[in-house]
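Observations on the model geometry
These are the residues of each chain, in order.
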Amino acid sequence: MFKKILIANRGEIAVRVIRACRELGIKAAVIYSEVDRGSLHVQLADEAYLVGPAPARESYLHIDRIIEIARKAEAEAIHPGYGFLAENPDFAARCEQEGIVFIGPNSRALRLVGDKLMARQTMEAAGIPIIPGMKAVGEDFSAYEEEARRLGYPVMIKASAGGGGKGMRIVYEEAELRPALEAGMREALSAFGDESVYLEKYIEEPQHVEFQVLADNHGNIVHLFERECSIQRRHQKIVEETPSTALTPELRERMGETAKKVLRVAGYNNAGTVEFLLDKNKNFYFLEVNARLQVEHPVTELTTGVDLVHQQIKIAAGEKLSFNQEDLKQRGHAIECRIYAEDPSRGFLPSSGKILYLQEPKGPGVRLDSGIYANWEVPIYYDPILAKLIVWGENREIACQRMKAALQEYVILGIATTIPFLREVVAHPEFLAGRTTTGFISRHLADWCEGSDDKNLRRIAQAAAAYFEVNRRPEIKWKAGEVARRPSPWQTLGRWRLAGGE
Amino acid sequence: MFKKILIANRGEIAVRVIRACRELGIKAAVIYSEVDRGSLHVQLADEAYLVGPAPARESYLHIDRIIEIARKAEAEAIHPGYGFLAENPDFAARCEQEGIVFIGPNSRALRLVGDKLMARQTMEAAGIPIIPGMKAVGEDFSAYEEEARRLGYPVMIKASAGGGGKGMRIVYEEAELRPALEAGMREALSAFGDESVYLEKYIEEPQHVEFQVLADNHGNIVHLFERECSIQRRHQKIVEETPSTALTPELRERMGETAKKVLRVAGYNNAGTVEFLLDKNKNFYFLEVNARLQVEHPVTELTTGVDLVHQQIKIAAGEKLSFNQEDLKQRGHAIECRIYAEDPSRGFLPSSGKILYLQEPKGPGVRLDSGIYANWEVPIYYDPILAKLIVWGENREIACQRMKAALQEYVILGIATTIPFLREVVAHPEFLAGRTTTGFISRHLADWCEGSDDKNLRRIAQAAAAYFEVNRRPEIKWKAGEVARRPSPWQTLGRWRLAGGE
Amino acid sequence: MEMKLRHGAEVLSFSLEKKEGKYIYRDEQGTMTLDIKEIAAGVLSILADEKSFLIAVTRDKDRFIVAVEGCRFEFQEASGMAAAGREETAARGIIAVKAPMPGKVVRVVVGEGEKVRKNQTLAIVEAMKMENELKAAVEGVVKKVNVAAGELVDSEKTLLELEATP
Amino acid sequence: MEMKLRHGAEVLSFSLEKKEGKYIYRDEQGTMTLDIKEIAAGVLSILADEKSFLIAVTRDKDRFIVAVEGCRFEFQEASGMAAAGREETAARGIIAVKAPMPGKVVRVVVGEGEKVRKNQTLAIVEAMKMENELKAAVEGVVKKVNVAAGELVDSEKTLLELEATP
């Protein structure tokens, strides 16, 4: 087993990998950019190396610098997390050349599945159903224009190197095509360093169902069942769950076996996810391979009892899988909500700033993978994910109730977050009924606006503001680590006129 | 199902039950004593009722006052938690008379198993093996003296109404018998309101293995496997785990079936635990029934996937068990460490005071059932339990590693706690090897003293103290909810002489 | 103390006073007796007749942000309201285009003096890897461009000024 | 700044100074360059040559309590040491029996003037439902009893004074 791993990422996923390393007796080194000196992953790591200035291209995407740090730290392996270099075949190849283990698939498989177009060609050839659309990048604008006409609007623009919804756009009519392509290409370049995009027929109101797969370096391969990821805003998942309410045991087995075949065809190893679209008639189409640890991996962990990061590390170290397909069972139900620094009342615009107050949910069946802390300034340079709240329950109903309660306990002040919006999602009758499609949010919660009509609750809030104001006098001294023992302002009086005497 | 439940308890267990109520859509009302106005259970409850002054007999043990509050709150049921009135048959009977559902066993069964002596008689008659010793309270001191001689020293003093080690004493020689009996009786009176004690032969170096049982009101009964609770100080458990390394599948089944028989014989309903002693030759003896939710119930929840508090409430509401014995399976391994306000360097003396700083462990497989928060003043009146840290892992090795990492992340400053001691326990080679007996602590860690020999770590700590001192100037102003933006004392200078210039 | 807070369009007038260890809240709806305990800086436990509320409260300039039972309320101080009003009046006729969030200017699409249609893209601002196009709310003329590509901006800064075509 | 701290029996002399945004720690063992960031009140992230430490530090009277990597260090200020030394001298010959923890006196077993054997129980103090017997550390005579049953005491209070038999 490795003695030290370098984690080439930040935020909650870096923290997640640090904890896994610690549990396996491995030292965890991390990199950080200049704006991330105070970030949680730096605090919790065993070692932390400055990688460069804030912009990702000069830090978390800077391959030379990262390799140099891995050498200096004497790390035998690099865990890329998700995003940044996680699915970059050049980075994986460079690690291979340098004799550093890349904790992920081999670079050839990564190059194949990472190029969504090449993957589409390969899978179609292997008899796996794909969505109608382009199988190569268009030579010029007119190529896209023609293909769009052939498919019929609406069409979907996708980044060939894509994932996480970056670079993705739905185009409803021809006039929108050019600006959408340009914006998609710019976003793809910024996110992946590759501006290739292609068009697919847009399938309306599908369900997004993906299968988690583990493949060791010895030819053993298992799937760990599905994740239902249909609740999306801006083509990015915000709520995921497992099991999916849409699958029968028979369909689950068929899709699981197809997922394994996809990765076998690709010559894939380590952890990977095969995404499918499921249409209203329960036909499924291969969408793409996410050649990394997924953001939503915890729901699989909670229901199967398998720690996916441990498995990634063990597989990378050359170990054989210690279980086979028959050993794996789903138990209970798990749901994940993604907590983003975004304002759901204003079209999910990013929201940065200082976290003035933080109260985190706890209790049985509640897991929080978080990258934040009170007083932290959320930087504007990176993905706005703050944390993931994951709950497990004996059944879907209990899991929904638990998620609702946990979201209510979760308080972040100072920046806007998706918390109040997510509470609406999991309490929505359609969600509770298990009717989740990718159009859920635009159909049911498009006009959602934060706020409460409860006048009595507001009166309590008013009283709290007044109490706070009186007690927040500038001459009050606070001692580090404790609430100030201070003279009561009710006694000392001040610029506030007391409405009644004592 | 109930609309509102009154929780007649405090601390972490009250918080645990509040969360369960919320998940089942039930309002949670709590009681609090005068010193508990700021306690966590009051903050998280839907409703909170002042029950009386600090001493337990005037508050958490005051039956009339609690019944009155249940009436006022219109609670249909009372959850007693553990300790206080949880195993008081008079309280259960009073609830039955008042038409309030007591969430626990019926008062007759409670009276039978709660009287450890009556239970011993009944179980012996039913053919269940018991530990040699008294089956009735001694009439006077000489009765105890004679029985002790008959059994041979050492003997064990136990409270007839007991549980949680309260009132328990080992007596090694006759001269110690009288003061030990007196102390045990006083402690029993203070803890249970009943000073009856009895003697048992002291079995040296046994393992303490208990079985969790659920019995509904319709005659259905299942066991949820064992908990290994051998790691004890002062006859109180501090580390529990499941599965036990001592049991074979065959022995597990035999003990599980015996546990069910014990509760059937007692006419028992709701959740209960049957405690056994296991000697070196794998003989097991019935010890007692814990007629309540156990402190250590979470390890069972994490391995079986059954929420025991949900089950308690459902059973009390008259529902049938929704699973049978064959549906229940153990998955992975779970360990609990009890975090007490005690100083392990000074013989586990209670430690009260203000929590000046709190950092809680998090991450996959980590559950924290806690009743504390930063700035809270731990009162001297009640049981010193602060929180329970529970971890789950795919196997015992991962669970031990995870517990060690979580304990390292767990920081409480201001009062002494068992955290550093527990870290030694779970990292001890004998513990890792699964060799856990009730003599573990006195054998391996009797002279344990907190501290680190790592001089380099100490230098870092010294630097932190110096930094803190310079930055903790009285003229510095702190704003609520954020770190002060303050002039650097390195610039303003002060009474500290700077050792070097900038 | 008496207090006036703005909540959305509403102005809320009320008072809070201390009496025998409790607090009396009064507004036109009536009176509530509150048991308030500050359990940490900015965190209050309030019992209102035995109902328990756990509240986090903080200030950001002239706004109070209060979280209670998972709901967030933002109140504005009455004095802050007046200032906001004045600013609005001064800018009549000229529309200040601000970034919707702090971020980096990717591109400024229009130049000073340029005529723009309604919904035409004026500039693109990127934050947290998402691009956001700022569009003209009305038809008009670009009066002033205050930023260039690559510049970091916060949500207070006026990026461009637009004069509406009457 | 220079600092002297007592840790158990040892006295630690060292200095910490700020230089170019970093901090230089010096003691007789040598020098370390530290990157210190205060991430919350009393919580420090320290990087010492790329090794990362998360540290919580607080003060309780003249003690510093520092937690790092799961280890807790308690340091005493040098000034506090001197005071402690004086108190000890003054009390020579008379043993002050204090409660080991805050609690309630259940019973005082001995009276003033009574002779006691070594290990004899002097008083019983209860805290958090556990009884603790205070025993005589030496043979001697009870000089003074300062408390009675039912009284609440903290760990500072002298419950009884015992004069050791020479």
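Residues numbered from 1 in each chain as written. Chains lettered and ligands numbered in written order. Predicted model: local features only at pLDDT ≥ 70, side-chain atom pairs only at ≥ 80, totals over all residues. Heavy atoms only, no water.

1. Side note on the overall build of chain A
Stated formally: Helical segments are the DSSP runs of H or I of at least four residues, strand segments are the runs of E of at least two, and each set is numbered from the N terminus. We take the radius of gyration over the C-alpha atoms and set the globule estimate at 2.2 Å times the residue count to the 0.38 power. Think of it in three bands: residues with accessible area under 20% of the maximum for their type are buried, residues over 50% are exposed, and the middle band is partly exposed, with areas taken using a 1.4 Å probe on protein chains only. The contact rule is simple, with two residues in contact once any of their heavy atoms fall within 4.5 Å. Under the convention used here, a 1.4 Å probe and the Shrake-Rupley method define accessible areas, while residue burial counts only the protein chains that appear. We treat Lys and Arg as the positive residues and Asp and Glu as the negative residues; His and chain ends play no part in the count. Working definition for charges: the position is that of NZ of Lys, CZ of Arg, CG of Asp or CD of Glu.
Secondary structure assignment for chain A yields 17 helices and 22 strands. In terms of overall size, chain A behaves like a compact globule, its C-alpha atoms giving a radius of gyration of 24 Å where 502 residues would be expected to give roughly 23 Å. Referenced to the eigenvectors of the C-alpha coordinate spread, the extents of chain A come out at roughly 85 × 50 × 50 Å. By the burial criterion, 67% of the 502 residues in chain A qualify as buried. By sequence separation, contacts in chain A at least 24 residues apart represent 65% of the contacts at least 6 residues apart. Counting every atom, chain A has about 17,400 Å² of accessible surface; 48% of that belongs to carbon and sulfur. Charge centroids of chain A, computed over 65 positive and 70 negative side chains, lie 5 Å from each other.

2. Details of helix H7 (residues 141–151) of chain B
All names here are of chain B. Going by this rule: Our arc is simply the arc of the directions from the helix axis toward the C-beta atoms.
Within H7, the full set of buried residues consists of Phe141, Tyr144, Glu147, Ala148 and Leu151. The arc that holds every buried residue of H7, seen down its axis, measures 130°, which confines them to one face. Exposed residues on H7 whose side chains face more than 90 degrees from its buried face are Glu146, Arg149 and Arg150. Buried residues in H7 make contact with strand E6 (155–159), helix H8 (177–192) and strand E8 (197–201). Looking one or two residues beyond H7, the residue adopting positive phi is Gly152, at roughly 90°.

3. Concerning the pairing of strand E11 (residues 236–242) of chain B
Residue and element names in this part refer to chain B. Note the threshold: Two strands are said to pair when DSSP picks up at least two bridges between them.
The buried count for E11 comes to seven of seven residues, which makes it a mostly enclosed element. One ladder, built from four bridges, connects strand E10 (residues 221–233) with E11; its direction is antiparallel. Residue pairing for E11: Arg233 is matched across the bridge by Gln236. Where E10 folds back on E11, the antiparallel hairpin that results is connected by two residues, among which Arg234 adopts a positive phi of roughly 55°. Summarising the sheet, E11 and strand E14 (residues 333–340) pair through four bridges and their orientation is antiparallel. Each bridged residue has a counterpart across the sheet, and for Glu241 the counterpart in E14 is Ile335.

4. Things to note about the pattern of salt bridges
The line we're drawing: Salt bridges, as used here, are contacts in which a Lys or Arg side-chain nitrogen is within 4 Å of a carboxyl oxygen on Asp or Glu.
Scanning the model with the defined rule gives 110 salt bridges over all chains in all. The shortest N-O distance in the salt bridge between Asp46 of chain B and Arg22 of chain B comes to 3.8 Å. With Asp46 of chain B in the loop between helix H2 (40–44) and strand E3 (47–52) and Arg22 of chain B in helix H1 (residues 11–23), this pair connects stretches of sequence that are 24 residues apart. When its relative accessible area of 18% is taken as the criterion, Asp46 of chain B is described as buried. Judged by its relative accessible area of 25%, Arg22 of chain B is partly exposed. Of the charged contacts, one joins Glu50 of chain C and Lys72 of chain B as a salt bridge, the two residues approaching to 3.2 Å between their closest N and O atoms. With Glu50 of chain C in the loop between strand E5 (43–48) and strand E6 (51–60) and Lys72 of chain B in helix H3 (residues 63–73), the pair connects residues from two separate chains. For Glu50 of chain C, a relative accessible area of 25% translates into the label partly exposed. Connected through salt bridges with shared partners, the residues Glu210, Arg227, Lys237, Glu240, Glu275, Glu296, Glu336 and Arg338 of chain A form a single ionic network.

5. A short note on the side chain of Arg423 of chain A
Looking at the element boundaries, Arg423 of chain A is found in helix H13 (residues 419–427). Of the buried charged residues, Arg423 of chain A lacks a salt bridge, with Glu424 of chain A as the closest side chain of opposite charge at 5.8 Å. Arg423 of chain A has contacts with Lys404, Leu407 and Gln408 of chain A together with Glu69, Gly70 and Cys71 of chain C, leaving out every residue within four places of it along the chain.

6. Details of the sheet that holds strand E14 (residues 140–145) of chain C
Residue and element names in this part refer to chain C. Pairing is antiparallel across the open sheet formed by four strands, whose spatial order is E9-E16-E14-E11. The two strands at the open ends of the sheet, each matched to only one other strand, are strand E9 (94–98) and strand E11 (115–116). Relative to E14, E11 is paired through two bridges, and the arrangement is antiparallel. Bridge assignment links Val116 to a residue of E14, and that residue is Gly140.

7. Notes on the packing of H3 of chain B against helix H4 (residues 89–98) of chain B
Residue and element names in this part refer to chain B. The condition that has to hold: Note on method: axes are straight lines fitted to C-alpha atoms, helices fitted across the in-contact stretch only, with angles between N-to-C directions ranging 0 to 180 degrees. Here is the rule for handedness: rotate from the far helix to the near one, and if that takes an anticlockwise turn smaller than a right angle the crossing is left-handed, while a clockwise turn gives right-handed. Under this grouping Gly is polar, as are all residues other than the nonpolar Ala, Val, Leu, Ile, Met, Phe, Trp, Tyr, Cys and Pro and the charged Asp, Glu, Lys and Arg.
At their nearest, the axes of H3 and H4 sit 11 Å apart, and the two run at 35° to each other. The crossing of H3 and H4 is right-handed. Facing Ile63, Asp64, Ile66, Ile67 and Arg71 of H3, the residues of H4 in contact are Phe91, Arg94, Cys95 and Glu98. Partitioned by chemical class, the residues of the contact of H3 with H4 number five nonpolar, no polar and four charged.

8. Some points on the sheet that holds strand E10 (residues 103–108) of chain D
Overall, antiparallel pairing links the four strands, which are arranged E13-E12-E10-E15 (chain D) in an open sheet. The sheet is open, and its two borders are formed by strand E13 (130–135) and strand E15 (152–153) of chain D, each paired with just one other strand. Against the sheet, H8 of chain B contacts E10, strand E12 (121–127) and E13 of chain D, and its axis sits at roughly 145° relative to E13 of chain D.

9. Topic: the interface of chain C and chain A
Basically, it comes down to this: Accessible-area loss on putting two parts together, using a 1.4 Å probe and summing over both, is the definition of buried area adopted here. Here a polar contact means two N or O atoms within 3.5 Å. Within protein one must be a hydrogen donor candidate and the other an acceptor candidate, and residues neighboring in sequence count only if both atoms are side-chain atoms.
Between chain C and chain A, the contact holds 67 residues from the first and 64 residues from the second. The contact between chain C and chain A buries some 5,900 Å² in all, and 65% of this surface belongs to carbon and sulfur atoms. If you sort the residues of chain C by the area they bury against chain A, Met1, Met128 and Lys129 of chain C come out on top, with a joint share of 16%. Across the contact surface, chain C and chain A share four salt bridges. Where Arg72 of chain C meets Glu450 of chain A, a salt bridge forms, and the shortest distance between an N and an O atom there is 3.0 Å. Linking chain C with chain A are nine residue pairs in polar contact (both at pLDDT 80 or more).

10. Topic: the pairing of strand E16 (residues 158–164) of chain D
Remember that side chains alternate between the two faces of the sheet whenever the strand is regular. Pairing geometry for strand E9 (residues 94–98) of chain D and E16 of chain D, over five bridges, is antiparallel. When the bridges of E16 of chain D are listed, Ile95 of chain D appears paired with Leu162 of chain D.

11. Considerations on the interface of chain C and chain B
With 14 residues of chain C at the contact, the number on the chain B side is 17 residues. Between chain C and chain B the total buried area reaches about 1,200 Å² when both faces are included, carbon and sulfur atoms providing 49% of it. Among the residues chain C hides against chain B, the three largest losses belong to Ile39, Glu50 and Ser52 of chain C. Together they make up 43% of the total. In this assembly, chain C and chain B are joined by three salt bridges. Taken together, the links from chain C to chain B amount to eight residue pairs in polar contact (both at pLDDT 80 or more). Contributions of two or more residues to the side of chain C that touches chain B are made by strand E4 (30–40), E5 and E6 of chain C. Per-element tally for the side of chain C that touches chain B: the top contributor is E4 of chain C, with five residues. Class assignment of the residues belonging to the side of chain C that touches chain B gives a composition of seven nonpolar, three polar and four charged.

12. As for helix H9 (residues 249–265) of chain A
All names here are of chain A. Where we set the bar: Here the expected length of a helix is defined as 1.5 Å per residue gap, with one fewer gap than residues.
End to end, H9 covers 24 Å across 17 residues, agreeing with the expected 24 Å (1.5 Å per residue, within 8%). Those residues of H9 that fall on the buried side of the exposure criterion are Leu251, Arg252, Met255, Gly256, Thr258, Ala259, Lys260, Val262 and Leu263. On its buried side, H9 packs onto helix H6 (116–125), strand E9 (207–215), strand E10 (221–233), strand E12 (270–278) and strand E13 (284–290). At the exit of H9 stands Gly267, carrying a positive phi of roughly 65°.

13. Some thoughts on the environment of Gly83 of chain A
Residues and elements named next belong to chain A. Along the chain, Gly83 turns up in the loop between strand E4 (77–79) and helix H4 (89–98). In the structure, Gly83 is positioned 70 residues away from Ile13 in sequence and 9.9 Å away in space, judged by C-alpha atoms. Each residue touching Gly83, except ones within four places of it in the same chain, is listed here: Asn9 and Arg292.

14. Re unusual backbone geometry
Put simply, Thr242 of chain A and Pro243 of chain A share a cis peptide bond, and its omega is -5°. Structurally, the position occupied by Pro243 of chain A is in the loop between strand E11 (236–242) and H9. In this structure, Asn375 of chain B is a non-glycine residue whose phi angle is positive, near 85°. The phi torsion at Glu20 of chain C lies on the positive side, around 50°, for a residue other than glycine. Relative to the assigned elements, Glu20 of chain C resides in the loop between strand E2 (10–19) and strand E3 (22–27). A relative accessible area of 75% means that Glu20 of chain C is categorised as exposed.

15. Some thoughts on the environment of Met185 of chain B
Residues and elements named next belong to chain B. Tracing the sequence through the fold places Met185 in helix H8. Judged by relative accessible area, Met185 falls into the partly exposed class, the value being 27%. Along the backbone, Met185 and Ile128 are 57 residues apart, and their C-alpha atoms lie at a distance of 28 Å. Apart from residues no more than four positions distant in its own chain, Met185 is found in contact with Glu195 and Val197.

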